[in-house]
Amino acid sequence: MLGFRAMSGSWSAEPASPRPTGLRWPALLWALLHVPLVLLLFSPAILPALAEVGSGFRLALWPALALQAIGLTLLGFALGLPLSVRPRLYRVAAPALLALGLAVLALDAQIFIGTNFHMNRFVLRSLFQPSALREIGIPAREAAVAAAVGLAFIVADTAAGAWFLRRFASARRAWPLALALAGAVAAERLFTAAMVWTGGGPVLAASQSLPLQPPLPLGPVLDRIAGRPSDPLRGLSLEGRGHLPPGATPASVRFQRRPDVVLALVESLRAEFLEPDTMPRTSERARSGAVFERHVAAASATTYTVFGLLYGLEARNAEAVLASGRPPLLFGALKANGYRVHILAASSVDWMGLKETAFAEVAGDLETAFPGASGSERDEVLMARARAFLESAGDEPLFLMLFFDGTHFGYSYPLRSARLEPVWDGQRSLEATRAPGHLIERRARNAAYEVDWKLDELLRLVEARRGRRPLVFLTGDHAEEYKEKGRLGHGSGVNREQVHVPMAVMGEGVPPLRHDGVTSHVDFVPTLFRLLGDRTPPERYADGVDMLQASPDRFAQTTVGWQPVHALVSRDLKVAFGGLQGTVVTDFDDRPLEDGSARAAARLGELLRALGRSPAMAMGR
């Protein structure tokens, strides 16, 4: 079809703009051409996941994953369709939207490969935190290079796509193929749900290697059809807010003793690091105190676990309680009993607004987000400010909270602590996803050795300045995984590597003991208050108990925090639920138990009591 225009007083013919439908067909084909690229981006995560399933499931999962990738590219195609009524705009916008989507998928793939969770609200919210990249451990230069590469891909892919749409413009209708593919994508969800019912957790995990693939809850339906007894653990859930204790006022908390108190919180510190080779000075101090050998963090993400530590409440209540503006009882009770509170956090404690909520009552006593290119340098600032504070302190008892940052991802330390070699160089965070896990762990141990130096120096200074030994609590905000289960870092699971942290309590009035039952961060406030002589029942204000009186067979809760992945943990049984593999029963160290489901079912009453909800609510019925 020809159109005409005037040129220098004459008429020339040129092709008219293609009809809208003339570009939809090549736009659909262009989207489908990106399916192999999607699978390639996620292949480092897909291949290990498929290796965990049987060969029969593996052969069936490959077509399922291909259909999932088709679904993702169809989504990119669909987003551009409203612009197809303007052909000139659509020819550029359709491939541009697809290229932008692929760039986001590339970022998501890097996150998933390293952590085993996809980009989500928490990740996006975190990126907009002040100094977010520094806190996460990604150098600004590295982020700039990655952004430049992504932008170059978007420009190049958009240009290639615009040429493709113009070159292969056709009146052929795109909707029959698009609808057929959409139907196949929907059928894949049902097919995969049936495979998960048959193959269990490994199949479920492999089927969620690509983003936006929520599993269909067909298990109970298929159980009824097949006449299979329903798994009593299948519906375990901690969704929603738990029951909150009635509360207590700061004035009702009365201490009989007022020693100085030091809470040493060490970023990403695993329980096994509290041993003579890695933290010799602190482990020697701990020999005369109480060590809780199966202590679990309230969560594997900092915001939620700090909430559990300060409030004595389960981390699943964090968002609701913080949003209400409710302060922790801890700081008010300390001040009501004559304590001077001071908090030094080398890293920022303002993740998710903690400064305006958990620390609002002590905002004038909080120093955080110290300058420094590395966590170790920021810890040096912490040390200097701690010395200055101790020099100015009066006779009133002190509560000093220290949050060390050198053990954060990147794991920084000066030359004096370079004990283990070789190690990961700590320079390029994206390369850490490909570095051997044992080299990363060695670097982390060196960083912990340096924190051990600093903590010992500071405790000696407190003892010298104050003339008496303080009551000391040492723990980690959460632990850290070094690829033992395929992930790096924290905040992605409730496995032992991410939630098993040290807890040592030292000072006068603390009996020397080794407690092998499970304890939790929610026990810190009740334990501190009891050691200071308060007799308020912990159940009035906390979900935790006095660790020195904790039952050795109790279940404690831990969670990821920002996503509904949880575990109930005892010293010999762990029930994890909400993750990629569904409900999984293991021992404390995540080792499978042949009779795990039967043992968990036999203790179902204890599990439900640990959930703190009625059986019907806890089982999701």
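Procedures and definitions
- Residues numbered from 1 in each chain as written.
- Predicted model: local features only at pLDDT ≥ 70, side-chain atom pairs only at ≥ 80, totals over all residues.
- Heavy atoms only, no water.
- Helix = DSSP H or I, 4+ residues; strand = E, 2+ residues; numbered from the N terminus.
- Buried < 20%, exposed > 50% of the residue type's maximum accessible area, 1.4 Å probe, protein only.
- Contact = heavy atoms within 4.5 Å.
- Areas by Shrake-Rupley, 256 points an atom, 1.4 Å probe, with all protein chains shown as cover.
- Phe/Tyr/Trp six-rings, centres within 6.5 Å; stacked < 30°, edge-to-face > 60°.
- Axes fitted to C-alpha atoms, helices over the stretch in contact; angles between N-to-C directions.
- Left-handed = near helix turned anticlockwise from the far one by under 90°.
- Nonpolar A, V, L, I, M, F, W, Y, C, P; charged D, E, K, R; others polar.
- Salt bridge = Lys/Arg side-chain N within 4 Å of Asp/Glu carboxyl O.
- Pairing = 2+ DSSP bridges.
- Core = buried A, V, L, I, M, F, W, Y, C linked by side-chain atoms within 4.5 Å.
- Expected span 1.5 Å × (residues − 1).
- pLDDT = per-residue confidence, 0-100.
- Polar contact = N/O pair within 3.5 Å; in protein donor to acceptor, adjacent residues only side chain to side chain.

## Comments concerning the overall build of the protein
- When you go through the protein residue by residue, the secondary structure sums to 21 helices and 16 strands.
- For the protein, the residues scored as buried account for 53% of the 621 residues in total.
- Within the protein, contacts between residues at least 6 apart in sequence are counted, and of these 74% link residues at least 24 apart.
- Accessible surface, the protein: about 26,600 Å² in total, of which carbon and sulfur atoms supply 60%.

## Quick word on the environment of Phe-42
- Topologically, Phe-42 is positioned in helix 2 (residues 35–51).
- Residue Phe-42 is classed as buried on the basis of its relative accessible area of 0%.
- C-alpha separation for the pair Phe-42 and Ser-209, spaced 167 residues apart in sequence, amounts to 7.2 Å.
- Setting aside its immediate chain neighbours within four residues, Phe-42 contacts Leu-105, Asp-108, Ala-109, His-118, Ser-209, Leu-210 and Pro-211.

## Notes on the packing of aromatic side chains
- Taken as a whole and assessed by the stated rule, the structure comprises 16 aromatic pairs.
- Consider the rings of Phe-273 and Tyr-482, whose centres lie 6.4 Å apart with planes at 5°: the pair is stacked. Placement of the pair is Phe-273 in the loop between strand 3 (261–266) and helix 11 (280–286) and Tyr-482 in strand 9 (residues 481–482), with a sequence separation of 209 residues.
- With a relative accessible area of 3%, Tyr-482 lands in the buried category.
- A centroid spacing of 6.0 Å and a plane angle of 35° characterise the contact between Phe-331 and Phe-359, whose relative ring orientation is tilted. In this pair, Phe-331 sits in helix 14 (residues 329–336) while Phe-359 sits in the loop between strand 5 (340–345) and strand 6 (366–368), placing the two residues 28 residues apart along the sequence.

## Some thoughts on the packing of helix 2 against helix 3 (residues 55–80)
- Remark: helix 2 packs on helix 3, axes separated minimally by 10 Å, with the N-to-C direction vectors making an angle of 145°. Helix 3 is crossed by helix 2, and the crossing has right-handed handedness. Residue-level inspection shows Val-35, Val-38, Leu-39, Ile-46, Leu-47, Leu-50 and Ala-51 of helix 2 in contact with helix 3, the latter providing Arg-58, Leu-61, Trp-62, Leu-65, Ala-66, Ala-69, Ile-70, Leu-72 and Thr-73.
- Its residues assigned to classes, the contact of helix 2 with helix 3 shows 14 nonpolar, 1 polar and 1 charged.

## A few points about the pattern of salt bridges
- The tally for this structure, following the rule as stated, stands at 35 salt bridges.
- Salt bridges linked by common partners bring Arg-270, Glu-272, Glu-484, Lys-485, Arg-496, Glu-497, Lys-574, Asp-587, Asp-589, Asp-590 and Arg-591 together as one network.

## Quick word on the sheet that holds strand 4 (residues 290–296)
- An order of 6-5-7-3-8-11-4-12 is seen for the 8 strands of this open sheet, with the pairing classed as mixed. For this open sheet the edge positions go to strand 6 and strand 12 (513–520), each flanked by a neighbour on one side alone. Averaged over neighbouring strand pairs, the angle between their axes works out to 15° when direction is ignored.
- Here 6 bridges tie strand 3 to strand 7 (residues 398–404), and the two strands are oriented parallel to one another. Note that in strand 7 the partner of Leu-263 across the bridge is Met-401.
- Contacting strand 5 and strand 7, helix 14 runs over the sheet at an angle of about 140° to strand 5.
- Taken strand by strand, helix 16 (residues 437–466) contacts strand 3, strand 7 and strand 8 (471–476), and its axis lies near 165° from that of strand 7.

## Some points on the nonpolar core
- Of all hydrophobic cores here, the largest spans 68 residues; its most connected members are Leu-330, Phe-331, Phe-359, Phe-399, Phe-473, Leu-528 and Phe-529.
- Residues contacting Leu-528, with those up to four places away along its chain left out, are Val-261, Leu-330, Phe-399, Leu-471 and Phe-473.
- Core analysis: the second largest hydrophobic core is formed by 45 residues, Ala-386, Ala-393, Ala-448 and Leu-459 among them.

## So, helix 14
- Among the 8 residues in helix 14, 6 count as buried, and that is most of the element.
- Along helix 14, the residues that are buried comprise Leu-329, Leu-330, Phe-331, Gly-332, Ala-333 and Leu-334.
- Elements in contact with the buried residues of helix 14: helix 12 (302–311), strand 5, strand 7 and helix 18 (524–531).
- After helix 14 finishes, the residue Gly-338 shows a positive phi value of roughly 85°.

## Looking at the sheet that holds strand 16 (residues 582–586)
- One open sheet holds the 4 strands; their spatial order is 13-14-15-16, and the pairing between them is antiparallel. Each of the sheet's edge strands pairs with one partner strand only, and the pair in question is strand 13 (556–559) and strand 16. Strand after strand, the sheet turns through a mean of 15° between neighbouring axes, direction not considered.
- Where strand 13 lies against strand 14 (residues 566–569), 4 bridges are found, and the strand directions are antiparallel. Bridge pairing links Ala-556 to Val-569 in strand 14.
- Along the sheet, helix 20 (residues 604–611) makes contact with strand 13, strand 14 and strand 15 (574–579), crossing strand 14 at roughly 125°.

## Details of helix 8 (residues 175–199)
- For helix 8, built from 25 residues, the straight-helix expectation of 36 Å at 1.5 Å per residue is met to within 8% by its first-to-last C-alpha distance of 35 Å.
- Those residues of helix 8 that sit buried are Ala-178, Leu-181, Val-185, Glu-188, Arg-189, Thr-192, Ala-193, Met-195 and Val-196.
- Just past helix 8, the residue Gly-200 takes up positive phi, approximately 80°.

## A word on the pairing of strand 13
- In strand 13, alternate side chains face the same way, and those of Ala-556 and Thr-558 on one face and Gln-557 and Thr-559 on the other are all buried.
- Between strand 13 and the antiparallel strand that follows it, strand 14, lie 6 residues; Gly-561 among them carries a positive phi value of about 110°.

## Here we look at the confidence of the model for the protein
- Taken as a whole, the protein shows an average pLDDT of 86; of its residues, 86% reach a score of 70 or greater.
- Segment residues 1–18 is flagged for pLDDT under 50; beyond a separation of four residues in sequence, or across chains, it makes 20 contacts in the model.
- Low pLDDT (under 50) marks residues 613–621, which in the prediction has 19 contacts with non-local residues, meaning those over four places away or in another chain.

## Some remarks on the pairing of strand 4
- Burial within strand 4 is extensive, with 5 of its 7 residues counted as buried.
- Note: strand 4 against strand 11 (residues 503–506), 2 bridges, orientation antiparallel. Looking at strand 11, one finds that Ala-290 is bridged to Val-505.

## Things to note about the side chain of Ser-268
- Structurally, Ser-268 can be placed in the loop between strand 3 and helix 11.
- Within the structure, Ser-268 has its side chain in polar contact with the side chain of Glu-267 (distance 2.9 Å).
- If we skip the residues at most four places from it in the chain, Ser-268 touches Thr-407, His-408, Asp-477, His-478, Ala-479, Glu-480, Tyr-482 and His-490.

## Thoughts on the environment of Arg-469
- With respect to the helices and strands, Arg-469 occurs in the loop between helix 16 and strand 8.
- Since its relative accessible area comes to 41%, Arg-469 is described here as partly exposed.
- In the structure, Arg-469 is positioned 10 residues away from Leu-459 in sequence and 8.4 Å away in space, judged by C-alpha atoms.

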